[in-house]
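Listed below are the residues making up each chain.
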Amino acid sequence: MRAAWPIVSLLALVSAIALILPGVSAGLSGAVVAALINLILVVGLYVFVGNSGVLSFGHVTFMAVGAYVCAILTIPTIARAIMIPNVPSFVPKTAIATIPAILAGALLAGVLGVIVGVPIVRLTGLSAGLAMFAVLLAANVVFSNWSPGPGGAGILTRVPTDLTVAGTLMWALLAMILAYLFQRSRWGLRLRGSRDDEHAARSLGVNVTAQRLQAMVLSAFITGIGGALYGHYVGSFGPDAFYIPTTFLVLAMLVVGGIDSLAGAVVGTLVISVISYALNQWTNDLPVGPITLKLPAGSSQLVVALLMLGILIVRPAGLMRGRETALPRLLAGAPRSKTRSGPVRAR
Amino acid sequence: MTQVLQDTIDAASLGSLYALFALGVALIFGVGRIANFANGDLLTIAGYLVVVCATLPWPVVILVACAGPVVLGLAMERFAFRPVRIASPTTLLIVSFAVSALLQNGLLLTATDQPKTTSFGSSLVQPVHLGSVTTTGIDLLDIGVTVVVAVVLTLVLKRSLIGLKLRAAAEDFLMSRLLGVRANTVMATVFAISAALAGLAGIMLTIKIGTLTPTFGVQPVTVAFVAAVIGGLGSLLGAALGGFLVGALTVVIQSVLPQGLGPYRDAFVFGAVIVLLLVRPQGLMAPATGERI
């Protein structure tokens, strides 16, 4: 029970919010789907960054791969000749169903995770983060110059927008379960050990490079799912959707919630999604409940940046302080101190 | 032979621009262990200041475009980095990313994302013929400025009191504080110098390219980091060498790539860098310090 409580509580929380909000107002379904996609991306990033302690600024590349692959596979058959004339010949001429396409996108993202990961995991933390940023730039160059569609510059359109709240929720729950199972498995625990003290972990026989690579691949897979769903959410996209603003948003959600725990990823996504939604509504002169403010364009990102800075200064470990959700006192049996998910870290 | 000479000049001018960015980044990293993404935005802001002041006499433009980033750099140090000075390098990296996002979005709000063009220094973009080699005035200026900056920086670091303090702080921050070096002075100086370098680089890049957008500084700062990582984070000489190496790589790859793959040049450059890091992950000139366990 104690082992399952953190994940069960998070699954329940996310499901409750995702299923109740569209009932409150139909216009919120879109926002809920977007938030769920963000959750998948953040969980994907967390699987690598939270467990290994290595920052990666280029994870959005996996999102891009997932999105492009899934989109190319699912553009409706009648539109394919016009929309994607320039794809390689091994791409099927008929569209395939959404779910296998999402998995295909995620799998290819995972493959990229292996290719990119092998050199990256050998670098020390800081260099690895920067190298991933270089990967992001390189990917952006590649996608911007590749023209699968007639629009050129990496833009794809006519992707079917067939996401439902329930369907996206299923993928989000899957991502969270995968992340939790990984962090509780022996591979995840070894990786966390190397995060806390790399030398001690190596001295105990942990193959840090191999562990990081495993996390990178799983992380790429999950992020690829998020990317594939993103393609189906917006219907048309270009390489700009997979560049610095998205990288920053996903990182901000993780940092605000707390890098070191899954609960942190969820809470951070929730907080920033709500604030972002409100700010975006106000920027477009739309009301949020009873309140309407008039904000200039771009304020949403600015406020998120300020929030992130504030959290880093005031509470660097994030809102959840690196802990998972604790078992409520009543269910915990005999009185005990608050559960911790990791050893005390000297900072 | 002419082609080799031409390529050498191109590589040298591109490399010196990259080396200039890399020096600023490596300085902050060596002393404060901060990888400052926001340097790229200081570069962009210098460019926008050039656009805004383009009608003024050029010494004033240069002064303003260097002073602006310096002021911002000092503010950044005081309000964003000083409170988290004792935090882990990861946290510092995220803070720098947040500051960078803040500056970019601030620019977006004030200047919108319409590209701005300027003809400041357009006389320098005219081709200049040296024998059989063609280059531009700004390219030669890049090489010249970088050499001068490198010499001045070396003199300051080796011969002046503040240089001594900076080197001491880079070697062991805590110990230097115990010996009387004021941390705040050192950090402020480092941020100011780095911001001034970013300002210079921003001016020259603006003259060279002529068009500005808020994300103007992203590619240069990434190249700067990559160059600093290749050179070995924390080594100034390594950073400069790294800059020249990336410049040379870019020119070589550009001339070697077949026609259709031309736009993918940057992707190949970064790929080559990753291969290099595979072979020597600690960089070319990693400082000889060990790591405490």
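Everything numeric here is computed off the predicted structure, so don't read it as measured data.

K.L.:
Hey, could you go over the overall build of chain A for me, with residue numbers and the actual values?
P.N.:
Helices and strands together make up the secondary structure of chain A, namely 13 helices and zero strands. Its helices and strands taken in sequence order, chain A reads α-α-α-α-α-α-α-α-α-α-α-α-α from the N to the C terminus. At 20 Å, chain A has a C-alpha radius of gyration in line with the 20 Å of a compact globule built from 347 residues. The principal-axis extent of the C-alpha atoms belonging to chain A is close to 65 × 55 × 35 Å. Counting over 347 residues, chain A shows a buried share of 51%. Taking all contacts inside chain A whose residues are at least 6 apart in sequence as the whole, residues at least 24 apart take part in 77%.

K.L.:
Give a description of the overall build of chain B that names residues and reports values.
P.N.:
Helix and strand counts for chain B come out as eleven helices and four strands. A compact globule built from 293 residues should have a C-alpha radius of gyration of about 19 Å, and chain B, at 19 Å, falls within 12% of that. Expressed as lengths along the three principal axes of its C-alpha atoms, the size of chain B is roughly 60 × 45 × 35 Å. A buried classification covers 49% of the 293 residues belonging to chain B. For chain B, the proportion of contacts with a sequence separation of at least 24, taken over those separated by at least 6, is 75%.

K.L.:
So what's going on with helix α12 (residues 262–283) of chain A? Residues and values would help.
P.N.:
The end-to-end C-alpha distance of α12 of chain A is 31 Å, a good match for the 32 Å that 22 residues give at a rise of 1.5 Å each. Of the residues one or two after α12 of chain A, Asp285 of chain A is the one with positive phi, at around 60 degrees.

K.L.:
Residues and numbers for the packing of helix α2 (residues 28–52) of chain A against helix α10 (residues 208–234) of chain A, please.
P.N.:
Two numbers describe a pair of packed helices, the interaxial angle and the distance between the axes. All names here are of chain A. The interhelical angle for the contact between α2 and α10, taken along N-to-C directions, is 170 degrees, at an axis separation of 8 Å. Viewed along their axes, α2 and α10 adopt a mutual orientation that is roughly antiparallel. Along the contact surface, α2 presents Val33, Ala34, Ile37, Ile40, Leu41, Val43, Gly44, Leu45, Val47, Phe48, Asn51 and Ser52, while α10 presents Arg212, Ala215, Met216, Leu218, Ser219, Ile222, Thr223, Ile225, Gly226, Leu229, Tyr230 and Tyr233. When the residues that make up the contact of α2 with α10 are grouped by side-chain class, the tally is 17 nonpolar, six polar and one charged.

K.L.:
Pulling in residues and values, what's your account of the interface of chain B and chain A?
P.N.:
By convention, interface size is frequently given as the accessible area that disappears when the constituent parts associate. Taken together, the contact pairs 41 residues of chain B with 36 residues of chain A. Listing elements by their share of the side of chain B that touches chain A, those giving two or more residues are α4 (89–111), α9 (218–231) and α11 (265–279) of chain B. Split into classes, the residues belonging to the side of chain B that touches chain A amount to 31 nonpolar, nine polar and one charged.

K.L.:
Break down the packing of helix α13 (residues 299–314) of chain A against α4 of chain B for me, citing the residues and quoting the values.
P.N.:
Here α13 of chain A crosses α4 of chain B at 155 degrees, and the two axes come no closer than 9 Å. Comparing their axes, α4 of chain B and α13 of chain A come out roughly antiparallel. As α13 of chain A packs across α4 of chain B, the resulting crossing turns out to be left-handed. Facing Gln301, Leu302, Ala305, Leu306, Met308, Leu309 and Leu312 of chain A of α13 of chain A, the residues of α4 of chain B in contact are Thr91, Ile94, Val95, Ala98, Val99, Ala101, Leu102, Asn105, Gly106 and Leu109 of chain B. The residue inventory of the contact of α13 of chain A with α4 of chain B, partitioned by class, reads 13 nonpolar, four polar and no charged.

K.L.:
Got a sec to walk through the pairing of strand β2 (residues 127–130) of chain B? Specific residues and values, please.
P.N.:
Residues in a regular strand point their side chains to alternate faces of the sheet. Residues and elements named next belong to chain B. Note that β2 and strand β3 (residues 133–136) share four bridges and pair antiparallel. What sits directly across from Pro127, in β3, is Thr136. The hairpin turn running from β2 into β3, its antiparallel successor, is two residues long, and Gly131 in that turn takes a positive phi close to 65 degrees.

K.L.:
Mind laying out the environment of Arg33 of chain B, listing which residues take part and the relevant values?
P.N.:
Residues and elements named next belong to chain B. Inspection of the secondary structure assignment puts Arg33 in the loop between α1 (2–32) and α2 (38–52). By the C-beta count within 10 Å, which is 18 here, Arg33 ends up partly exposed. Residues Arg33 and Phe173, spaced 140 residues apart in sequence, show a C-alpha to C-alpha distance of 9.9 Å. If we ignore the near neighbours within four places in the chain, the residues touching Arg33 are Pro89 and Leu92.

K.L.:
Help me get a handle on α9 of chain B, residues and values and all.
P.N.:
Relative to the 20 Å expected for 14 residues at 1.5 Å per residue, α9 of chain B spans 20 Å between its end C-alpha atoms, a close match to the ideal helical length. Directly beyond the C-terminal end of α9 of chain B, a positive phi value near 100 degrees is found at Gly232 of chain B.

K.L.:
Which residues make up the confidence of the model for chain B, and what values go with them?
P.N.:
Of all residues in chain B, 96% have pLDDT values of 70 or greater, and the mean over the chain is 83. Interface confidence in the predicted complex, given as ipTM, is 0.80; pTM for the same model is 0.85.

K.L.:
Lay out the environment of Ala228 of chain A in plain terms, naming residues and giving numbers.
P.N.:
All names here are of chain A. Topologically, Ala228 is positioned in helix α10. Of the residues examined, Ala228 has 34 C-beta atoms within 10 Å and is grouped as buried. Note: C-alpha distance between Ala228 and Ile155 (73 residues apart in sequence) is 15 Å. Not counting residues within four places of it along the chain, the set of residues in contact with Ala228 comprises Gly66, Ala67, Cys70, Ala101, Ile102, Gly105 and Ala106.

K.L.:
With reference to specific residues and values, describe the nonpolar core.
P.N.:
Formed by 207 residues in total, the largest nonpolar core has its most connected members in Ile40, Val43 and Leu254 of chain A together with Ala22, Ala98 and Ala228 of chain B. The greatest single-element share of this core, amounting to 16 residues, is contributed by α1 of chain B. In this view, Ala98 of chain B contacts Ala305, Met308, Leu309 and Leu312 of chain A; residues no more than four positions away in its chain are not counted.

K.L.:
Can you explain unusual backbone geometry? Please cite residues and give values.
P.N.:
The backbone of Arg321 of chain A shows a phi angle near 55 degrees, a positive value even though the residue is not glycine. Along the chain, the position of Arg321 of chain A falls in the segment after α13.

Rules of the game
Residues numbered from 1 in each chain as written. Chains lettered and ligands numbered in written order. Predicted model: local features only at pLDDT ≥ 70, side-chain atom pairs only at ≥ 80, totals over all residues. Helix = DSSP H or I, 4+ residues; strand = E, 2+ residues; numbered from the N terminus. Rg over C-alpha atoms; globule rule 2.2 N^0.38 Å. Buried ≥ 20, exposed ≤ 12 C-beta atoms within 10 Å, placed from the backbone. Contact = placed C-beta atoms within 7 Å. Expected span 1.5 Å × (residues − 1). Axes fitted to C-alpha atoms, helices over the stretch in contact; angles between N-to-C directions. Parallel < 35°, antiparallel > 145°, perpendicular 65-115°, else oblique. Nonpolar A, V, L, I, M, F, W, Y, C, P; charged D, E, K, R; others polar. Left-handed = near helix turned anticlockwise from the far one by under 90°. Pairing = 2+ DSSP bridges. pLDDT = per-residue confidence, 0-100. Core = buried A, V, L, I, M, F, W, Y, C linked by C-beta atoms within 7 Å.

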